[in-house]
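Descriptive structure summary
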Amino acid sequence: MPAPTAASSPNGSTSPLGALNPVSVTRWVYLMAGGLIAMAAACMIFIGVTASAEADRHALSGEKQLFAEAIQRNHIRMSRAQLARAHSSEAVAQVEDRFDPAFVRDRLLRPLWREAELESSFLIAPDGTLLASSERNEVHFERRRLTANDPLSVLAAQQRRALVRAWPKSGGPEEGPLPQIWSDDTASYSFALVNGAPSLLSAVAIETVTGGSARSPERTTVLISARVIDASFLDALQGELPFPDVSFRLTDTPSSHQTHVQVQDASGVAFGYFHWNGAKPGPKILRMIGPLIVVMGLALAVSSVLVARRIGRLSRALEESEAANRRLALHDPLTGLANRFQFTALLDEALSDCASRPIALFGCDLDRFKAVNDRFGHAAGDLVIQSVAERLAAVTADQGTVARIGGDEFVILVALGGTASYRQADGSPGLSKAERTHLQDLADRLIAAVDQPVMLACGDRVSVGLSIGIAVAPLCGMRDTDLIAAADAALYGAKDSGRGCAVFFDDRSAQRAEASTATHASPPRGSDSTPRRTGTG
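What counts as what
Residues numbered from 1 in each chain as written. Predicted model: local features only at pLDDT ≥ 70, side-chain atom pairs only at ≥ 80, totals over all residues. Heavy atoms only, no water. Helix = DSSP H or I, 4+ residues; strand = E, 2+ residues; numbered from the N terminus. Buried < 20%, exposed > 50% of the residue type's maximum accessible area, 1.4 Å probe, protein only. Contact = heavy atoms within 4.5 Å. Areas by Shrake-Rupley, 256 points an atom, 1.4 Å probe, with all protein chains shown as cover. Pairing = 2+ DSSP bridges. Right-handed = clockwise from strand over helix to strand, strands pointing away. Patch = residues over 30% accessible without salt bridge, like charges linked within 9 Å, V, L, I, M, F, W, Y side chains within 5 Å. Salt bridge = Lys/Arg side-chain N within 4 Å of Asp/Glu carboxyl O. Lys, Arg positive; Asp, Glu negative; His and termini not counted. Charge placed at Lys NZ, Arg CZ, Asp CG, Glu CD. Phe/Tyr/Trp six-rings, centres within 6.5 Å; stacked < 30°, edge-to-face > 60°. Lys NZ or Arg CZ within 6 Å of the ring centre and 35° of its normal. Axes fitted to C-alpha atoms, helices over the stretch in contact; angles between N-to-C directions. Parallel < 35°, antiparallel > 145°, perpendicular 65-115°, else oblique. Left-handed = near helix turned anticlockwise from the far one by under 90°. Nonpolar A, V, L, I, M, F, W, Y, C, P; charged D, E, K, R; others polar.

1. With respect to the overall build of the chain
- The number of helices and strands found in the chain is twelve helices and 20 strands.
- Looking at the 537 residues of the chain, the share that counts as buried comes to 45%.
- Intrachain contacts of the chain at a sequence separation of at least 6 include 67% that bridge at least 24 residues.
- Per element, the accessible surface of the chain, about 26900 Å² overall, is 57% carbon and sulfur.

2. Focus on the pairing of strand β19 (residues 501-504)
- Burial along β19 is two-sided: the face carrying Cys501 and Val503 and the face carrying Ala502 and Phe504 are both buried.
- Strand direction decides the pairing type here: strand β18 (residues 465-473) and β19, joined by three bridges, are parallel. Bridging from a neighbouring strand, Ile468 pairs with Ala502 of β19.
- In this fold, the crossover linking β18 to β19 by way of helix α11 (residues 480-496) has left-handed handedness.

3. Topic: the environment of Ala42
- You can see Ala42 is positioned in helix α1 (residues 26-86).
- Taking the C-alpha atoms as reference points, Ala42 and Ile293, separated by 251 residues in sequence, lie 9.6 Å from one another.

4. A short note on a positive patch on the surface
- A surface patch of like charges, here positive, comprises Arg309, Arg310, Arg313 and Arg316.
- Within the secondary structure, Arg309 sits in helix α6 (residues 281-330).

5. Some details on the packing of aromatic side chains
- Evaluated as defined, the whole model comprises eight aromatic pairs.
- Each ring, one from Phe67 and one from Trp276, has its centre 5.1 Å from the other, and the planes form 25°; the classification is stacked. Separated by 209 residues along the polypeptide, Phe67 in helix α1 and Trp276 in strand β12 (residues 270-276) bring together distant segments of the chain.
- Overall, Phe67 belongs to the buried group, its relative accessible area being 3%.
- Three or more aromatic residues joined by ring pairs make a cluster, and in this case those are Phe67, Phe191, Phe243, Phe248, Phe271, Phe274 and Trp276.
- Cation over ring: Arg143 sits above Phe99, and NZ or CZ is 5.1 Å from the ring centre.

6. Digging into unusual backbone geometry
- Residue Pro474 is reached from Ala473 by a cis peptide bond, and omega for that bond is 15°.
- Turning to its location among the elements, Pro474 is positioned in the loop between β18 and α11.
- One non-glycine residue, Asn195, adopts positive backbone phi at about 55°.

7. Points about the environment of Leu112
- Summarising the element assignment, Leu112 is placed in helix α3 (residues 101-116).
- C-alpha of Leu112 to C-alpha of Ala226: the two residues are 114 residues apart in sequence and 9.9 Å apart in space.
- Among residues more than four places away in sequence, those in contact with Leu112 are Ala81, Gln82, Arg85, Glu117, Leu118, Ser121, Leu223 and Ser225.

8. Some details on the environment of Ala355
- Relative to the helices and strands, Ala355 is located in the loop between α7 (340-351) and β13 (359-367).
- Of the residues examined, Ala355 reaches a relative accessible area of 55% and is grouped as exposed.
- Counting along the chain gives 123 residues from Ala355 to Met478, while the straight-line C-alpha distance between them is 8.2 Å.

9. Some thoughts on the packing of helix α9 (residues 378-396) against helix α10 (residues 433-450)
- Where α9 meets α10, the closest approach of the two axes is 9 Å, and the angle between their N-to-C directions is 150°. Considering the angle they form, α9 stands roughly antiparallel to α10. As for how α9 packs across α10, the hand of that crossing is right-handed. Along the contact surface, α9 presents Val388, Arg391, Leu392, Val395 and Thr396, while α10 presents Leu442, Arg445, Leu446, Ala449 and Val450.
- Along the lines of polarity and charge, the residues of the contact of α9 with α10 split into seven nonpolar, one polar and two charged.

10. Structural notes on the pattern of salt bridges
- Inspection of every chain in the model, using the stated rule, returns 15 salt bridges.
- Across the pair Asp106 and Arg110 runs a salt bridge whose closest N-O atoms are separated by 3.5 Å. Here Asp106 pairs with Arg110, and both are found in helix α3, just four residues apart, close to one helical turn.
- A salt bridge links Arg227 to Glu119; its shortest N-O distance comes to 3.8 Å. On the criterion of sequence distance, the pair formed by Arg227 in strand β9 (residues 222-228) and Glu119 in the loop between α3 and β1 (120-124) is long-range, its members being 108 residues apart.
- Given the relative accessible area of 13%, Arg227 is considered buried.
- One continuous salt-bridge network, built from bridges that share partners, spans Asp365, Asp367, Lys495 and Arg499.

Okay, structure coming up:
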């Protein structure tokens with residue numbers, strides 16, 4: 001027969017006094033610390049990666065700016081060499097007014113090669129006719145009409161449009177010459193293949209002022225010169241730049257470690273790509289902050305572990321304190337048995353279902369204990385109480401719950417087999433013979449166990465006895481006060497019968513107990529059945 005416990009009731013429901021597993025916060029602290037460490041590490045890594053990418057982007061932007069400035073300086077040097085020859089009254093007279101091949105050859109095209117190392121030059125008439133061309137020191141006067149999409153025609157047209165934009169808005173040719181037209185800002189630049197070689201082109205107009213009158217920009221002849229992008233050009237360009245390995249390719253062949261810039265022809269179409277080994281400070285930044293991230297992560301981890309361990313220790317101390325308090329609240333501090341508080345809760349829980357699962361209550365009181373306590377002292381009395389508690393718990397085992405409710409008073413709550421056992425031979429409510437025999441046998445074994453001598457610390461042996469009153473619910477009532485009163489009445493009957501015995505409560509003994517209480521007489525006798533004596537009285 002299962003015994004009522006603090007963890008479960010007879011009907012299987014959970015008791016509010018059940019053992020509460022203390023929730024340890026240590027693991028949560030470690031998990032939170034780990035989460036914080038992971039978040040901090042992720043934030044630092046994100047910051048490092050972002051800073052690295054931003055540094056690379058800034059470095060690339062700076063390098064592209066430096067490269068654009070270097071190309072612009074080459075453009076300016078080319079246009080100034082051209083303007084030195086094309087911006088003169090003689091050039092206008094020998095090219096615009098009447099075309100003089102000797103002047104064009106010796107005073108215009110060849111000096112551009114000898115003095116400025118411009119490998120090729122071209123004179124383009126307003127109608128798109130190629131008037132003259134040169135390749136290094138060779139000058140050719142084979143006139144031919146250029147197509148509209150020829151790179152030279154496109155660049156010449158671009159230069160004339162630049163002159164139109166620079167022409168005064170309010171005036172016209174009557175306003176006179178415009179020296180600002182011949183500044184570097186009005187030269188046009190482009191990239192193109194010249195004689196099969198990639199080249200940097202510069203276009204300027206022959207001066208349009210003759211004898212104090214101005215010529216319309218659309219009617220100007222354009223001088224275009226080309227500088228081949230070869231090893232010599234790249235070496236000179238490299239000398240102006242702080243980054244190494246500048247190269248040029250017509251097709252883009254991306255490389256993970258190289259930076260490239262696209263250049264376009266006069267039509268705005270991609271022409272080629274300059275490459276170089278750019279500075280990438282990003283990986284260096286990552287290498288610099290990587291150890292810092294590791295150190296900060298380790299420091300945070302160590303501090304988190306220390307804090308977690310401290311909190312863990314405090315948590316465990318709190319949990320142990322709470323467990324001790326719970327045990328003190330539910331158990332007798334001397335014997336470790338259930339105390340009156342826990343016993344009351346268990347009894348209420350068992351009585352709530354006693355109609356379907358009857359219970360028996362053993363009221364127990366020690367015999368001759370006062371004499372031991374008076375003779376040997378309270379320490380000896382405590383030792384006797386502890387020994388009795390151990391014996392009661394050992395005999396009862398899982399058949400019931402033993403509780404100490406004060407002094408030398410003990411109670412035992414026993415669950416019976418069920419409604420089938422709660423019938424007498426004639427079928428009327430009451431204990432069956434087998435159930436009664438079982439309870440009597442348990443009581444006899446309890447009395448016999450307590451009757452054994454107890455060895456005191458001083459070496460003396462003492463003996464105490466045990467008297468038991470047994471009440472059964474619902475026969476004796478379904479309220480705790482009724483059942484306890486019945487067990488007390490039966491216990492008084494056991495005491496009156498000579499002690500060291502067990503007495504069952506029935507209606508007749510209850511009547512005698514009530515009558516005795518009313519007349520302040522001695523406790524009632526046992527039931528009509530003769531009490532069973534065990535041990536010495």
